[in-house]
Amino acid sequence: MPETPLVISGLTKSFGALKAVDNVSLDVRDREIHAIIGPNGAGKSSLVNLISGLIVPDAGAVAFFGRDITRLPAPDRARLGLNRTFQISNLIANRSVVENVMLAVQSHAGSSFRFIRPFATDKRLRETALHHLGRVGLAERSGVVVAALSHGERRQLELAVALAMAPKVLLLDEPMAGLGPEDSAQVIELLATLREELGILLIEHDMDAVFALADRISVLVYGAVLTTDTPDEVRRSPAVREAYLGEEA
Amino acid sequence: MRDLLDDHWQTLLALVLLAGFALSEAAGGGSFYISLSTRVAILAIAGIGLNIALGYGGMVSFGHAAFFGLGGYAAGVAVHHAFEGSNFLDGPIAVSGSGELLTGLVAAGVTGLAAALFIGVFSLRTSGIYFIMITLAFAQMLYYFAISFPTYGGEDGLPLYSRATLLGLDLSGDMTYFTVCYLVLVTAVILSALITGSRFGAVLNGLRENETRMIAIGFHPFRYRLTAFMVSAAMTAVAGALYVHLDGFVSPSNMSWHRSGDLIVIVILGGVARTPGPIFGAAALIAMETVLGDFTERWQFFLGLVLLGIVLFARGGLSGLLDRAAAALGLGPLGKQPDSEKDRARDRRQPGEVRDA
Amino acid sequence: MSFGFFLEQALNGLQLGVMLFLMAAGLTLVFGVMGLINLAHGSLFMIGAFLCAYVTEQSGSFWIGLGGALGGTALVGAAIEIVVMRRLYDRDHLDQVLATFSLILIFSEGMRWIFGARPLYLNTPPLLSGAVPLPNGGGYPVFRLAIIAIGIIVAIGLYQLIARSRLGMQIRAGEADREMIGALGVDINRLYTIVFAIGAMLAGLAGAMVGALQSVEVGMGEPVLIMAFVVIVIGGIGSIRGALAGAVLVGVFDTFARAFIPLLFASLFPPAEAKAIGGALASMSIYVLMAGVLVWRPQGLFPADA
């Protein structure tokens, strides 16, 4: 029986008196999209930070394909194939679109202690980077400096950079934040394709996207998992309505 | 060739001007100005070294004089022992002195690497204001040690009775020594351009711009920063070695925080993270010292005012000024448009730094 | 080595610690609230000493001189804040370092210009002259005891100010979230000027007292500044408590090292080597301490919580 890509058990983190993540357990299976929804401040971003390794948990464990990575530093998790995007685009502002992806390609190839050959004109890095940019639809904008990109383009670039790491599990923190309907549709299409290759933990507020894509949904309220179930069950659940959807209706 | 010109016209300009100035002085018999040009070249090398850590790496080291001074001691001590006929280390392994410049430069470089490894291991686990203070503190530590340790002169320093030779070539001539230092400068410029343009340089730049992003794509910041810090130190140390041979004197004052300040001034004055920056910065600093110094003993007062003005009002230093001038003169691609977005993105502190505690 | 000698060194260490606390508290306050690293803090120390010496000489009274030093440095601090520092809060550390480094040049040369290159002399006030008898028969200067006492009073006063007063509340709020307090209607400009002036005054106080102990000369502030940096690194940045703990630790450690390491070496090595190596090691001691603390606690002993 193959290992589950991502298993989180009892993850807990407090910031002072605030329990941001409260004994969260869930898993991400291969070829599925597991969505996480919940009201603002529910601890969703903190959860992603814990899983990706940017924050150290107070308790609990993270396992990646059966291997305990709870103590593994964040860069090593990224190299293993556990990759993430950020809710607020986190890019290298003084570099171009393709150069941002090239950095990820370079990291994946593990060849960064090279001091002589120029980076910017490196054909191998560039070609691979352009391939990933093509997947998200940014290939035409490859030479544009990030500082000059639109919001939507930056979200796309976030995805391209994550893809360049050859991920086995993707943690996506509100990839559709601030996107218009056209861009959102593009992202939904892309995620549907990606679902065939890897496991995705999707944090989102866009309910259309969530219910269109998710195989399973976990509802996070005040840092704790209220329920984990299929979209239909979650839609029907009165507890969920009350905690979350009810406020929107 | 066009590309080379586009990106590096300022560097070529700086190098040509420096060589031109020295040659014209040589023709006119001006020994003082040749020596001045040599000083510019050497300080430029030190600045290029610092620029790698500070400009490109974003590591504000206020202790680089430690490497400059240590490099000087390494080279000076080597020559001192050669002259005296004594050994640096006696015992199972005897280390004798050497009158060969290359040996001195290598010794300086290695000393710089070792010192930077030691200091870096402690200080690179911190960032921001901690890093500035810690590098300053460690440099002071070495400075006080050099003052109190009497074997090589202590506070009085160590006079060198002869300049090292280069593979048998006598370097006592002003122009000869300038040429040697100039060639080292050209080497430093090339190395700096290659390193900062390489894959390693791209990582370093990324770490400076957005460390969180770099971590998220699998880079461990510490190893790259330490490497850059060590390379930077080695280069500055080599400059320090050349410096003591220019002066004929090894002094602990080359390790003082004043010297660290000079190096930072050179880098910022010339333009942070620009390859030709330190050459312009060194030239400007020496020029101000010489010209203002002729007018008044209080020239440092005016230097302070000029620097303050530059920090507050003229971003990008002299390199930036040249960019704008070239653009204004309509020299097209020859003037890299000052990317105001980039500059502003760089100059403003990252949001995370507000929480620096 | 008698108990009296030990006591004398302990008191010296405490006195040095107090002086370092005054410097470090100002530095860490300014950094905590405004996010500004100020290399010119040592210049404020020097200005305090010069003002005290000058006003004392003109007026004939140390106490008027001290008052002049305190008021003067507060004014100079406020002036610098308004003219220069304000433009630096949003800039990165590199710019702040260079700008405040320029200020050091301006102040040092400025002072040389005004007062000449010779040191000024400042005598301890008659009221605080004399010595208190020590167990070993020697005497400990009253003035040094006074410095310790003043330091303790200032520490308590600072604590009260920050923990209990309205200004203190604003300071603490500013340290926690700079952007927020502006939105809450606090006059940021005024707050920052006041905080900076307080820091300057503390530095000036330290300078005036040390000036009376030693001499008043240009450049006296920089070694102290660097020691204050060591204090902050060890104590943890942004916290007054850390500044106090770090200052006392560094003060005592440095004093003891300078007093006892040469003695230790003299008993182990021949006198020439002992003096050389012992002296060198003693002057390095606080940096070794700093390195040690960094290995154990990279954030310092009492860092302010983010």
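Numbering of residues starts from 1 in each chain and follows the order in which that chain's sequence is written. By the order in which they are written, chains take letters starting at A while ligands take numbers starting at 1. Side-chain atom pairs in this predicted model are given and counted only at pLDDT of 80 or more, local residue features only at pLDDT of at least 70, and totals for whole chains, interfaces and linings cover all residues.

## Thoughts on the overall build of chain C
For the purposes of this entry, the term helix denotes a DSSP run of H or I that reaches at least four residues, the term strand denotes a run of E that reaches at least two, and both are numbered from the N terminus. Each helix and strand in chain C was counted, giving 11 helices and two strands. Overall, chain C shows an N-to-C arrangement of helices and strands of α-α-α-α-β-β-α-α-α-α-α-α-α. Only C-alpha atoms enter the radius of gyration; for comparison, a globular chain is expected to reach 2.2 Å times N to the power 0.38, where N is the number of residues. Against the 2.2 N^0.38 benchmark of 19 Å for 306 residues, chain C shows a C-alpha radius of gyration of 20 Å, consistent with a compact globule. Referenced to the eigenvectors of the C-alpha coordinate spread, the extents of chain C come out at roughly 65 × 50 × 35 Å. Whether two residues are in contact is decided by their C-beta atoms, placed from the backbone, lying within 7 Å. Pairs at least 24 apart in sequence give 76% of the contacts found in chain C among residues at least 6 apart.

## Points about the arrangement of the chains
Of all two pairs of chains sharing an interface, the pair with the highest contact count is chains B and C. At the C-alpha level, the nearest point of chain A lies 10 Å from chain C, with no contact between them.

## What to know about the confidence of the model for chain C
The predicted coordinates of low-pLDDT regions are not to be read in fine detail. Residues and elements named next belong to chain C. The predictor attaches a confidence to each residue, called pLDDT, with possible values from 0 through 100. Averaged over chain C, the pLDDT score is 87; the fraction of residues at 70 or greater is 98%. When pLDDT is averaged over each helix and strand of chain C, the minimum, 72, is found for helix α7 (residues 178–183) and the maximum, 94, for helix α3 (residues 62–83). The ipTM value of the predicted complex is 0.92, and its pTM value is 0.89.

## A look at the interface of chain C and chain B
At the interface, 44 residues of chain C touch 42 residues of chain B. Elements that contribute at least two residues to the side of chain C that touches chain B include exactly α4 (93–115), α9 (221–235) and α11 (271–296) of chain C. By residue number, the principal contributor to the side of chain C that touches chain B is α4 of chain C, which donates 15 residues. Residue polarity is assigned by list, with Asp, Glu, Lys and Arg as charged and Ala, Val, Leu, Ile, Met, Phe, Trp, Tyr, Cys and Pro as nonpolar; anything else, Gly included, falls into the polar class. Across the side of chain C that touches chain B, the residue classes tally to 28 nonpolar, seven polar and nine charged.

## Thoughts on the environment of A65 of chain B
All names here are of chain B. Among the structural elements, A65 can be located in helix α3 (residues 65–84). Using a count of 31 C-beta atoms within 10 Å as the deciding quantity, one classes A65 as buried. Spatially, the C-alpha atom of A65 lies 17 Å from that of L226, the residues being 161 residues apart in sequence. Once residues within four sequence positions are removed from consideration, A65 is found in contact with A139, N254, M255, S256, W257, R259, S260 and L263. A residue is called partly exposed when the number of other C-beta atoms within 10 Å of its own lies between 12 and 20, exposed at 12 or fewer, and buried at 20 or more, with C-beta atoms placed from the backbone.

## Structural notes on the sheet that holds strand β2 (residues 18–28) of chain A
All names here are of chain A. Strand pairing follows a simple DSSP-based rule, namely that at least 2 bridges must link the two strands. Reading across from one edge, β2-β1-β4-β5 is the order of the four strands in this open sheet, with antiparallel pairing throughout. Bordering the open sheet on either side are β2 and β5 (67–68), each of which pairs with just one other strand. Where strand β1 (residues 6–15) lies against β2, seven bridges are found, and the strand directions are antiparallel. Its bridge partner lying in β2, L11 is registered against V24. For helices, the fitted line uses only the C-alpha atoms of the stretch in contact; every axis is such a line through C-alpha atoms, and the angle between N-to-C directions lies from 0 to 180 degrees. Seen against the sheet, helix α1 (residues 44–52) touches β1, β2 and β4 (59–64) and runs at an angle of roughly 60° to β2.

## Re the environment of V210 of chain A
Its location among the elements puts V210 of chain A in helix α7 (residues 207–213). Filtering out sequence-adjacent residues up to four positions away, V210 of chain A remains in contact with A35, I37, E204 and I217 of chain A.

## Quick look at the nonpolar core
For our purposes the nonpolar core covers buried Ala, Val, Leu, Ile, Met, Phe, Trp, Tyr and Cys residues that link as a set through C-beta atoms within 7 Å. Judged by nonpolar contacts, the single largest core of 302 residues is most densely connected at I45 and A137 of chain B together with V230 of chain C. Throughout, the edges of the domains are those of an automatic or database domain assignment. Counting contributing residues, this core receives three or more from each of domain 1 (1–81 + 168–249) and domain 2 (89–166) of chain A.

## Describing the packing of helix α4 (residues 101–123) of chain B against helix α9 (residues 221–247) of chain B
Residues and elements named next belong to chain B. Contact geometry for α4 and α9: axes closest at 7 Å, N-to-C directions at 140°. Between α4 and α9 lies a crossing of right-handed hand. On the side of α4, the interface is formed by G104, L105, A108, G109, T111, G112, L113, A115, A116, L117 and G120, while α9 contributes L226, F229, M230, A233, A234, T236, A237, V238, G240 and A241. Taken together, the residues of the contact of α4 with α9 sort by class into 14 nonpolar, seven polar and no charged. Here a crossing is called left-handed whenever its near helix is offset anticlockwise from the far helix by less than a right angle, and right-handed whenever the offset is clockwise.

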